[in-house]
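Below, each chain spelled out in residue letters.
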Amino acid sequence: MPPTLASLVHHSALKLTVRAGGERLDTPVRWVHASELTDPVPYMEGGELLLITALKLDAEDADAMRRYVKRLVGAGVAGLGFAVGVHYEETPKALVDAAESEGLPLLEVPRRTPFLAISKAVSAAIAADQYRAVTAGFAAQRELTKQALSGGPEGLLTALASQVDGWAALYDASGAVVATAPEWAGRRAARITGDVERLRERAAPASSVVGGAGGGEGDGGDGNGEDRVELHSLGTGRRARAALAVGTAAALGTAERYAVHSAIALLTLTTERSRSLYAAEQRIGAAVLRMLLAGQPDHARGVAGDLYGGLLDAPYRMILAEAASASAGRARARAGDAEDDGGATVRAEAAAALADAGGDLVGGLGEVVESAAARSGEAVLVVPDGERLVVLAADRGAVVAACAQYAEAVGGAQGGGEQAGDEDELVVGISAPAGPIAAGAAYKQAEQALSVARRRGRVLVEHEDLAAGSVVPLLADDAVRAFADGLLRPLYEHDATGRGDLVASLRAWLSRHGQWDAAAADLGVHRHTLRYRMRRVEEILGRSLDDPDVRMELWLALKTTASAE
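Below is a short write-up of the structure. As the structure is a computational prediction, the values presented were derived from the model and not from experiment.

A few words now on the side chain of Glu 230. Its place among the elements puts Glu 230 in strand β9 (residues 228-234). Within the structure, Glu 230 has its side chain in polar contact with the side chain of Arg 257 (distance 2.7 Å). Beyond its immediate stretch of four places on either side in the chain, Glu 230 contacts Ser 208, Val 209, Leu 244, Ala 245, Val 246, Leu 252 and Arg 257.

With that out of the way, let us pick up the packing of aromatic side chains. What the rule picks out here adds up to two aromatic pairs. Centre to centre, the rings of Phe 82 and Tyr 88 are 5.9 Å apart; their planes meet at 50°, and the pair counts as tilted. Residue Phe 82 shares its accessibility class with Tyr 88, and that shared class is buried.

The subject of this paragraph is the pattern of salt bridges. Enumeration according to the criterion identifies 22 salt bridges in this entry. Glu 464 is the salt-bridge partner of Arg 317, the closest N and O atoms lying 3.2 Å from each other. Here Arg 317, found in strand β11 (residues 316-323), pairs with Glu 464, found in helix α14 (residues 463-466); they are 147 residues apart in sequence, far enough to count as distant. Each member of the salt-bridge network shares a partner with another, and the members are Arg 317, Asp 395, Arg 396, Glu 462 and Glu 464.

Okay, the environment of Gln 282 next. With respect to the helices and strands, the residue Gln 282 is situated in helix α8 (residues 275-293). Spatially, the C-alpha atoms of Gln 282 and Pro 384 are 8.4 Å apart, while their sequence positions differ by 102 residues. Once you skip the residues sitting within four places of it in the chain, Gln 282 turns out to touch Val 382 and Pro 384.

It is worth spelling out helix α6 (residues 193-200) at this point. Turning to α6, its buried residues number three or more, namely Val 196, Leu 199 and Arg 200. Taken end-on, α6 shows its buried residues confined to a sector of 100°, consistent with a single buried face. Looking at the packing, one finds that the buried side of α6 touches β6 (167-171), β8 (207-210), β9, β10 (242-248) and α11 (361-376).

Here the focus is the sheet that holds strand β7 (residues 177-181). Pairing is antiparallel across the open sheet formed by five strands, whose spatial order is β7-β6-β10-β9-β8. Of all strands in the sheet, those bounded by a partner on one side alone are β7 and β8. Within this sheet the neighbouring strands show an average axis-to-axis angle of 15°, counted without direction. As defined by bridge partners, β6 adjoins β7 across four bridges and the pair is classed as antiparallel. Counted as the bridge partner of Ala 168 is Ala 181 from β7.

Before going further, it helps to spend a moment on α11. A rise of 1.5 Å per residue sets the reference length of α11, with its 16 residues, at 22 Å; its end C-alpha atoms lie 22 Å apart and thus fit the reference within 8%. Most of α11 sits inside the fold, with 12 of its 16 residues counted as buried. Buried within α11 are the following residues: Leu 361, Val 362, Gly 364, Leu 365, Gly 366, Glu 367, Val 368, Val 369, Glu 370, Ser 371, Ala 372 and Ala 373. Where α11 terminates, the next one or two residues include Gly 377, which has phi positive at roughly 80°.

Parameters at a glance
Residues numbered from 1 in each chain as written. Predicted model: local features only at pLDDT ≥ 70, side-chain atom pairs only at ≥ 80, totals over all residues. Heavy atoms only, no water. Helix = DSSP H or I, 4+ residues; strand = E, 2+ residues; numbered from the N terminus. Polar contact = N/O pair within 3.5 Å; in protein donor to acceptor, adjacent residues only side chain to side chain. Contact = heavy atoms within 4.5 Å. Phe/Tyr/Trp six-rings, centres within 6.5 Å; stacked < 30°, edge-to-face > 60°. Buried < 20%, exposed > 50% of the residue type's maximum accessible area, 1.4 Å probe, protein only. Salt bridge = Lys/Arg side-chain N within 4 Å of Asp/Glu carboxyl O. Arc of directions from axis to C-beta. Pairing = 2+ DSSP bridges. Axes fitted to C-alpha atoms, helices over the stretch in contact; angles between N-to-C directions. Expected span 1.5 Å × (residues − 1).

So yeah, pure geometry; function would need other evidence.
Structure below.
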């Protein structure tokens with residue numbers, strides 16, 4: 001700890017005597033300063049031991065001494081040293097009384113003790129304290145490194161909590177608590193997740209302080225006190241990969257600060273893999289995905305090895321995610337190239353760059369699924385593919401559940417039931433459970449679900465849900481409506497002349513599966529009248545109602561126009 005007035009008084013070589021303020025000798029001394037100015041306050045920073053001989057002071061003037069001492073106390077001076085045997089043979093009573101009144105420690109310095117000796121003593125004590133702090137910091141660094149290697153992040157947190165005499169918690173990229181030490185700190189760590197999320201919104205590295213001192217002993221050991229919590233982001237990129245919280249009863253000292261900085265460095269190495277390693281893993285994942293889609297599951301399993309191999313031994317889901325605008329652009333491109341049989345994948349133009357990382361919903365999904373996989377121990381394959389993110393995750397696993405929860409949260413932020421379509425919105429498609437030999441089919445299912453999500457204005461659609469509803473909502477497309485309007489326009493134009501209700505008659509006949517009597521009864525006309533109207537429909541359209549494809553097209557056209565009305 002830094003030198004105090006008490007340590008200077010007990011210094012045998014200095015021979016200092018306490019004349020006032022003896023109850024405050026535990027005050028730390030930041031430095032020693034000698035000044036004979038009548039007002040040295042402008043040159044003080046606080047925490048100094050001020051040494052004087054009263055060369056320019058009337059130390060026997062009670063009023064002058066009260067004003068002088070009062071200003072020193074207001075400036076935060078730690079204590080006052082008065083040299084006797086220079087201008088005064090003993091410490092003036094006016095100065096002693098003023099110091100006692102203001103509670104300022106007053107030390108009498110004998111003539112044989114030069115001010116320089118006091119300065120050297122304080123400087124040596126400060127240097128020794130700093131050396132002890134650095135030594136303790138290196139020892140803490142060695143212990144934290146040992147625990148990180150043997151016990152992982154949990155062991156490191158335990159060692160850190162012991163070093164700072166408090167608690168520590170680790171959060172993942174999503175802001176969820178990963179580990180705490182001691183165990184009771186879990187509740188305290190969970191209460192500041194909002195502060196962690198706000199920290200993650202800032203560019204890394206970032207830090208903040210939550211709460212204040214006090215409550216360390218009165219919280220019953222459960223972490224409920226108003227302790228002082230420091231939050232630090234972990235990671236080397238623009239977005240934090242994790243966060244560290246350190247809770248203590250008071251501000252950290254130098255040794256504790258060294259320990260925290262060491263923990264930040266070690267946890268950064270532990271939680272964030274090097275960019276080259278991460279890039280290599282992504283290249284392996286992309287190669288595995290290409291092999292699976294090419295129908296080469298055995299080769300894919302061989303390349304995956306231990307990294308992704310376990311994922312291919314059980315049913316998995318294929319997940320596709322992209323910005324809503326990219327999905328819409330791709331759909332328009334497909335519509336324009338519908339006659340191209342080359343089989344090439346049509347890509348829409350790149351979505352506009354987002355203003356900040358917080359708006360990158362596709363990237364955010366990638367972080368969420370990787371964090372969920374890390375917490376659960378599941379293997380997950382995440383491959384960025386241009387504007388699209390491709391994810392292979394175990395069926396019924398934590399990754400799929402995290403994806404659904406993220407989509408639900410994004411859906412609420414995007415306005416609930418409002419249609420997706422802004423460039424910063426998200427659409428996700430999930431395939432049915434599949435195995436390695438059906439990767440191509442799973443990818444196509446995920447693409448179909450993705451397209452339906454965009455059309456229906458939903459954030460997430462699972463392929464299994466498509467068969468549970470009606471096909472009619474899938475026809476909500478401008479091209480389909482245009483086809484329906486063009487097909488039925490001649491009949492609407494005929495009915496507009498008042499020469500018969502062909503559209504209603506066609507709808508009734510098709511709804512009754514071509515049963516003349518039932519359809520005629522629905523219309524309230526004779527069956528011969530209905531037969532005549534159906535012949536007119538065939539004549540006007542130039543198509544035969546005996547053709548099942550024609551009947552299907554007409555029925556879907558009627559349903560499409562009805563849903564648009």
